[in-house]
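# Report on the structure
Now for the letters of each chain:
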Amino acid sequence: MSAPLKALDGAPDLTALMADLGAGASRAARTLALAPGEQKDAALAAMAAAIRANAKEILAANAEDVAEAKAGGMSSAFVDRLALNEARIKAMADGIDVVRAIPDPVGIVTESWTRPNGMTIERVRVPLGVVGVIFESRPNVAADAGALCLKSGNAVILRGGSDSFRSCRAIHQCLVEGLRKAELPEQSISLVPTRDRAAVGLMLGGLNGAIDVIVPRGGKNLVARVQDEARVPVFAHLEGVNHVYVDKAASPDMAKTVVLNAKMRRPGVCGAAETLLIDKAAANTQLKPLVTMLLDAGCEVRGDADIQRADARVKPVSDEDWATEYEDAIISAKLVNGLDDAIAHIERYGSHHTDAIVTEDAKAAEKFLNEVDSAIVLHNASTQFADGGEFGFGAEIGIATGKFHARGPVGAEQLTSFKYRVHGTGQTRP
């Protein structure tokens, strides 16, 4: 392991520090854009190996972060997002290996055509340039973002939260070790070496044009600030108000399996279900079993009178609950008048992130998948599959709910743009 990065908390010239990071990332991006796939893959292999070899150091740094978070009164869901263990470190390294194994998106010709004048035009994938990633809690984002940006030929500037400061530094050192071994610029993956919150504002300003896109990963307050203040494009989702709709044609056993996993596998992730919608036509067979199952699993259920009659432990629901991302073991539940009512509820209260239907009716599933305007829609599967790794991307740098080219999980391919290459034989325009 190399020596730890010097923390520059309280540095008198943060603006100069951040400008230097931006300039270094820009220089590295020009090198990465032309780097052969074999060289990038060699760096990724070395990064994964370094993370495995330095697992004890990473865990020790993370233990300090977790202790500080607990002492500060952070919620159990927050601590779960922050905490690392041997399995999560292994998954981090394995994720880098999966990214390494996917095809290099840079230089791929996606379309080609010939004009009547004989000119050939190609649309080819190119890196975005420099990606700024601002994240909270989850230190594994440093590894995921670093790997994906490198694979797609982009430099990245990482700004982790103060809560994961030590963990991110330990992981970043492993990433830099991989870059060195592959003889790629160390500035290809930069970590902001200070907890000073003013660094975020400087990144949102673009660092003198160095940053081409910002990706925020964190809570609503962070994402809202980024979307409000950023002077460069943003790939983001503000909230994950996700729904599971249990249709009248749903298998009771499948409904229980999907709903329990969607809410309780990891309640704090952005793909967790926050609202359960049940078709009134299925209330006699589905309502009580689903509500009781959730309550028995330790999930607080909030509902109206119909839901409260199913189990005395159900708490009253408020209007605000329908639009709330709990990030905890809490779910709102409601009976709806069939598929159209479910879709209308999702359109009114949802966040266009991830929504699922459980049904054996193929036509109902098709209607739901076509009409629900979310980045990810699922049929008979848990909303917790809202993850780039589960999509085969190896990892994700985030999930975007906008309408730009990067929608849903943002992987290596989504971190590229395109340019046109035109081949002529001396043509001129009349």
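Residues numbered from 1 in each chain as written. Predicted model: local features only at pLDDT ≥ 70, side-chain atom pairs only at ≥ 80, totals over all residues. Heavy atoms only, no water.

### Topic: the overall build of the protein chain
Just so we agree on the cut-off: We count a stretch as a helix when DSSP gives it H or I for four or more residues in a row; a strand needs E for two or more, and each element gets its number in order from the N terminus. Radius of gyration here is computed from C-alpha atoms only, and the compact-globule reference equals 2.2 Å multiplied by the residue count raised to the power 0.38. To sort residues, take the accessible area from a 1.4 Å probe on protein chains only and compare it with the maximum for the residue type: under 20% means buried, over 50% means exposed, and anything in between is partly exposed. The criterion used for residue contact is that any of the two residues' heavy atoms lie within 4.5 Å.
Secondary structure summary: the protein chain contains 14 helices and 16 strands in total. Relative to the globule expectation of 22 Å for 430 residues, the C-alpha radius of gyration of the protein chain, 23 Å, shows essentially globular dimensions. If you line up the protein chain on its principal axes, its C-alpha atoms span 70 × 65 × 35 Å. Counting all 430 residues of the protein chain, 53% fall into the buried class. Within the protein chain, contacts between residues at least 6 apart in sequence are counted, and of these 72% link residues at least 24 apart.

### Some points on the sheet that holds strand β5 (residues 189-191)
The line we're drawing: Whether two strands pair comes down to DSSP finding at least two bridges between them. In this analysis, axes come from line fits to C-alpha atoms, helices being fitted only over the stretch in contact, and the angle between any two N-to-C directions falls in the range 0 to 180 degrees.
Pairing is parallel in the open sheet, where four strands are placed in the order β5-β4-β3-β6. This sheet does not close on itself; its edge strands, each paired only once, are β5 and β6 (213-217). For this sheet the average axis-to-axis angle between neighbouring strands, irrespective of direction, equals 20 degrees. As judged from the three bridges shared by strand β4 (residues 155-159) and β5, these two strands associate in the parallel manner. Each bridged residue has a counterpart across the sheet, and for V156 the counterpart in β5 is I189. Across the sheet, helix α1 (residues 14-34) lies against β3 (130-135), β4 and β5, angled at about 145 degrees from β4, the strand it touches most. In this fold helix α7 (residues 165-181) packs onto β3 and β5, with an angle of close to 155 degrees to the strand it touches most, β5.

### Here's the deal with the pattern of salt bridges
Put simply, the rule is: Salt bridges, as used here, are contacts in which a Lys or Arg side-chain nitrogen is within 4 Å of a carboxyl oxygen on Asp or Glu.
Within the structure shown, the criterion is met by 27 salt bridges. Among the ionic pairs, D94 bridges to K90, the shortest N-O distance being 2.7 Å. Of this pair, D94 and K90 both sit in helix α5 (residues 86-101), four residues apart, which is roughly one turn of that helix. For E186, the salt bridge identified is with R180, shortest N-O distance 2.8 Å. Judged by relative accessible area, E186 falls into the partly exposed class, the value being 36%. Judged by its relative accessible area of 39%, R180 falls in the partly exposed class. Each of R52, K90, D94, D97 and R100 takes part in salt bridges that share partners, so that together they form one network.

### Thoughts on the domain arrangement of the protein chain
Here is the rule we go by: An automatic or database domain assignment is the source of the domain bounds shown. Each of two parts loses accessible area, computed with a 1.4 Å probe, when they are put together; buried area is these two losses added. Within 3.5 Å is the distance limit for a polar contact, defined as a pair of N or O atoms, with the added protein rule that one can donate a hydrogen and the other accept it, and that residues adjacent in sequence qualify only through two side-chain atoms. Each residue gets one of three labels, nonpolar for Ala, Val, Leu, Ile, Met, Phe, Trp, Tyr, Cys and Pro, charged for Asp, Glu, Lys and Arg, and polar for the others, Gly among them.
Entries for the protein chain in the domain assignment read domain 1 (14-235 + 411-420) and domain 2 (242-388). Taking only C-alpha atoms into account, the centre of domain 1 sits 33 Å from that of domain 2. Opposite the five residues of domain 1 that make contact, domain 2 presents five residues. Taken as a group, A77, R81 and R138 account for 63% of the area that domain 1 buries against domain 2, more than any other trio of residues on that side. The tally of links between domain 1 and domain 2 comes to one salt bridge. The residue D80 makes a salt bridge to R266 at a minimum N-O spacing of 3.4 Å. Across the domain 1-domain 2 interface, the total number found is two residue pairs in polar contact (both at pLDDT 80 or more). Of all the elements, helix α4 (residues 76-82) adds the most residues to the side of domain 1 that touches domain 2, at three residues. Here the residues of the side of domain 1 that touches domain 2 sort into one nonpolar, no polar and four charged.

### Remarks on helix α11 (residues 283-296)
The periodicity of an α-helix, 3.6 residues per turn, causes residues three or four positions apart to be oriented the same way. To keep things clear, this is the line we draw: Take the residue count of a helix, subtract one, and multiply by 1.5 Å to get its expected span.
In this model α11 runs 19 Å from its N-terminal to its C-terminal C-alpha over 14 residues, within 8% of the 20 Å that 1.5 Å per residue would give. Next to the buried residues of α11 lie β7 (242-246), α10 (252-264), β8 (273-279), β9 (300-303), α12 (305-308) and β11 (330-336). Looking one or two residues beyond α11, the residue adopting positive phi is G298, at roughly 95 degrees.

### Some words on the confidence of the model for the protein chain
Our working definition: The pLDDT score gives, residue by residue, the confidence of the prediction method on a 0 to 100 scale.
On average, residues of the protein chain score 92 in pLDDT, and 96% of them reach the 70 mark or higher. In this model residues 1-7 is a low-confidence stretch, pLDDT under 50, and it forms 18 contacts with partners more than four residues away in sequence or in other chains.

### Structural notes on the packing of helix α6 (residues 140-151) against α7
Threshold: Under this scheme an angle from 65 to 115 degrees is roughly perpendicular, one under 35 degrees roughly parallel, and one over 145 degrees roughly antiparallel; angles in between are oblique. Handedness of a crossing follows from how the near helix is turned relative to the far one, being left-handed for an anticlockwise turn of less than a right angle and right-handed for a clockwise one.
Between α6 and α7, the least distance of the axes is 9 Å, while the angle of their chain directions is 25 degrees. It follows from the interaxial angle that α6 and α7 lie roughly parallel. Crossing angle aside, the handedness with which α6 passes α7 is right-handed. Taking contact as the criterion, the partners of A142, A143 and L150 in α6 are, on α7, I171, L175 and L179. Of the residues in the contact of α6 with α7, the class split is six nonpolar, no polar and no charged.

### Section: empty space enclosed by the protein
Under the convention used in this document: Cavity means a closed set of points on a 1 Å grid over the protein atoms alone, one where a 1.4 Å probe fits but cannot get out, pocket means an open set with protein on both sides within 12 Å along at least 5 of 7 lines, and lining means a residue has an atom within 4 Å of a point. Grid points are joined across faces, edges and corners, and a volume is the space filled by probe spheres set on the points.
By the definition in use, this model includes one cavity of 30 Å³ or more. Empty space within the largest cavity amounts to approximately 40 Å³. Lining the largest cavity are R159, G160, G161, S164, F165, C168, R169, L191, V192 and T194. Looking at the lining of the largest cavity element by element, the count peaks at three residues for α7. In terms of residue class, the lining of the largest cavity is made up of four nonpolar, four polar and two charged.

### Description of the side chain of R159
This is how it is decided: The convention is simple: Lys and Arg are positive, Asp and Glu are negative, and His and the chain ends are not counted.
For R159, the location among the structural elements is in strand β4. Lacking a salt bridge, the buried R159 has D196 as its closest oppositely charged neighbour, with an N-O distance of 6.2 Å. Here the side chain of R159 touches R195 through a polar contact of 2.9 Å, landing on its backbone oxygen. Of note is the side chain of R159, whose polar atom sits 3.0 Å from the backbone oxygen of D196.

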